Amino acid sequence: MTEFLVRHFVKDYEAVEKSAVRTAYGVLASMVGIVCNVFLFLVKFIVGLLLHSVSVTADAFNNLSDAASSIISFIGVKMAGKPADKEHPFGHGRWEQISALIIAILLALVGVEFMKDAIAKLRGHEAADFGWLAYLATVASIVLKEGLARYAFYIARKTGNAAVKADGWHHRSDALSSLMVLAGLFLSPYFWWIDSVLGMLISFMLFYAAYGIIRE
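Remember, it's a predicted structure, so these values are computed and weren't measured experimentally.

S.K.: Where do I start with the overall build of the protein in this structure?
M.R.: A count of helices and strands for the protein gives seven helices and zero strands. In sequence order, the secondary structure elements of the protein are arranged as α-α-α-α-α-α-α. Taken over 216 residues, the protein has a buried fraction of 44%. Long-range contacts, defined here as pairs at least 24 residues apart, represent 71% of the contacts in the protein between residues at least 6 apart.

S.K.: Help me out: how do you make sense of the nonpolar core in this one?
M.R.: Among soluble globular proteins, nonpolar side chains are generally buried collectively. Leu107, Ala166, Leu206 and Ile213 are the most contacted members of the largest nonpolar core, which has 14 residues in total. Elements supplying a minimum of two residues to this core: helix H4 (94-123), helix H6 (162-187) and helix H7 (194-215). In this structure, Leu206 is in contact with Leu107, Val110, Gly111, Phe114 and Ser173, ignoring residues within four places of it in sequence. Val32, Cys36, Leu148 and Val164 belong to the second largest nonpolar core, which has 13 residues in total.

S.K.: Would you mind showing me how to read the pattern of salt bridges here?
M.R.: Charged atoms that come close allow side chains of opposite charge to pair. A full pass over the atoms with the stated rule returns four salt bridges. The residue Arg150 makes a salt bridge to Glu146 at a minimum N-O spacing of 3.0 Å. A residue pair is termed a helical-turn pair when its members lie 3 or 4 positions apart in one helix, as Arg150 and Glu146 do in helix H5 (residues 132-159) at four residues. Linked through salt bridges whose partners overlap, the residues forming this network are Glu146, Arg150 and Arg172.

S.K.: Quick question: what am I supposed to make of the packing of H5 against H6 here?
M.R.: A pair of packed helices is captured by two measures, namely the crossing angle of their axes and the spacing between those axes. Between H5 and H6, the least distance of the axes is 8 Å, while the angle of their chain directions is 155°. For the element pair H5 / H6, the angle class is roughly antiparallel. Relative to H6, the crossing made by H5 is left-handed. Per-class residue counts for the contact of H5 with H6 are 18 nonpolar, five polar and six charged.

S.K.: In this structure, what is going on with the environment of Ile202? I would like to understand it.
M.R.: Here Ile202 lies in helix H7. The exposure class of Ile202 is buried, given its relative accessible area of 3%. Taking the C-alpha atoms as reference points, Ile202 and Ser173, 29 residues apart in sequence, are found 8.3 Å from one another. Setting aside anything within four residues of it in sequence, one finds Ile202 in contact with Phe114, Ser177, Met180 and Val181.

S.K.: Could you clarify how one ought to interpret H5 in this entry?
M.R.: The α-helix advances 3.6 residues per turn, and as a result positions three or four apart in sequence lie on the same side. The end-to-end C-alpha distance of H5, which contains 28 residues, comes to 41 Å, matching closely the 40 Å that a straight helix rising 1.5 Å per residue would cover. Just beyond H5, the residue with positive phi is Gly160, at close to 70°.

S.K.: In this structure, what is going on with the packing of aromatic side chains? I would like to understand it.
M.R.: One pair of aromatic rings is described through two measures. These are the centre distance and the angle between the planes. For the structure shown, the criterion picks out five aromatic pairs. Ring centres 5.2 Å apart and planes at 65° place the aromatic pair Tyr135 and Phe186 in the edge-to-face group. Taken as a pair, Tyr135 in helix H5 and Phe186 in helix H6 lie far apart in primary sequence, 51 residues in all. Look at Phe191 and Trp193: their rings are 5.3 Å apart centre to centre, the planes differ by 50°, and that puts the pair in the tilted class. For Trp193, a relative accessible area of 34% translates into the label partly exposed.

S.K.: Can you walk me through the side chain of Glu146 in this structure?
M.R.: By relative accessible area, which is 19% here, Glu146 ends up buried. In terms of polar contacts, Glu146 uses its side chain to reach the side chain of Arg150, at 3.0 Å.

S.K.: Explanation requested: the environment of Val112 in the structure shown.
M.R.: When you line up the elements, Val112 lands in helix H4. Classification of Val112 as partly exposed rests on a relative accessible area of 36%. Sequence separation between Val112 and Leu206 is 94 residues, and the spatial gap between their C-alpha atoms is 8.9 Å.

Thresholds applied
Residues numbered from 1 in each chain as written. Predicted model: local features only at pLDDT ≥ 70, side-chain atom pairs only at ≥ 80, totals over all residues. Heavy atoms only, no water. Helix = DSSP H or I, 4+ residues; strand = E, 2+ residues; numbered from the N terminus. Buried < 20%, exposed > 50% of the residue type's maximum accessible area, 1.4 Å probe, protein only. Contact = heavy atoms within 4.5 Å. Core = buried A, V, L, I, M, F, W, Y, C linked by side-chain atoms within 4.5 Å. Salt bridge = Lys/Arg side-chain N within 4 Å of Asp/Glu carboxyl O. Axes fitted to C-alpha atoms, helices over the stretch in contact; angles between N-to-C directions. Parallel < 35°, antiparallel > 145°, perpendicular 65-115°, else oblique. Left-handed = near helix turned anticlockwise from the far one by under 90°. Nonpolar A, V, L, I, M, F, W, Y, C, P; charged D, E, K, R; others polar. Expected span 1.5 Å × (residues − 1). Phe/Tyr/Trp six-rings, centres within 6.5 Å; stacked < 30°, edge-to-face > 60°. Polar contact = N/O pair within 3.5 Å; in protein donor to acceptor, adjacent residues only side chain to side chain.

In structure tokens:
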């Protein structure tokens, strides 16, 4: 699928040394991320409303924030691809690092929200109550987000684009967190606190991913 998209939407896709081709790779990665995350948002939001589930609805808005990060990555790639001018004699390449930094900050903020919700549920002895639609939405999220992560990493390897790589880690962290949520769905009937504990673990994963992006 990755090769198919690249061959059909990136002109001269093999000439990755060219700035225009490198920019086209980054734009394609960002657009795919935006479309898929908006799709996941709509699916989870509808499921959350049908089940009256706060957690599923909140996870939907997490995907909406992912779409926002892809938009930021898109802007960063477009800005980095601008030619050099009098004010920027060495080009605009630093926009890639700037947009990657913004994505890292978004990751950390999402982690903070996860941690706050998890602590509140733990204190209130709240147990998660999910229906079969939640299972389907979570599995779909895992598959799609891991696919997006691998796609972004492929583009990053081809072009060396830091912003696209950061977006890939964002997708990977979401896939892993959804995997943990899926485990929690199966275990929730036996352990009322599992949802809160998994939420805390997901927060730490997000913090670690943000730290790695900022350090790089």
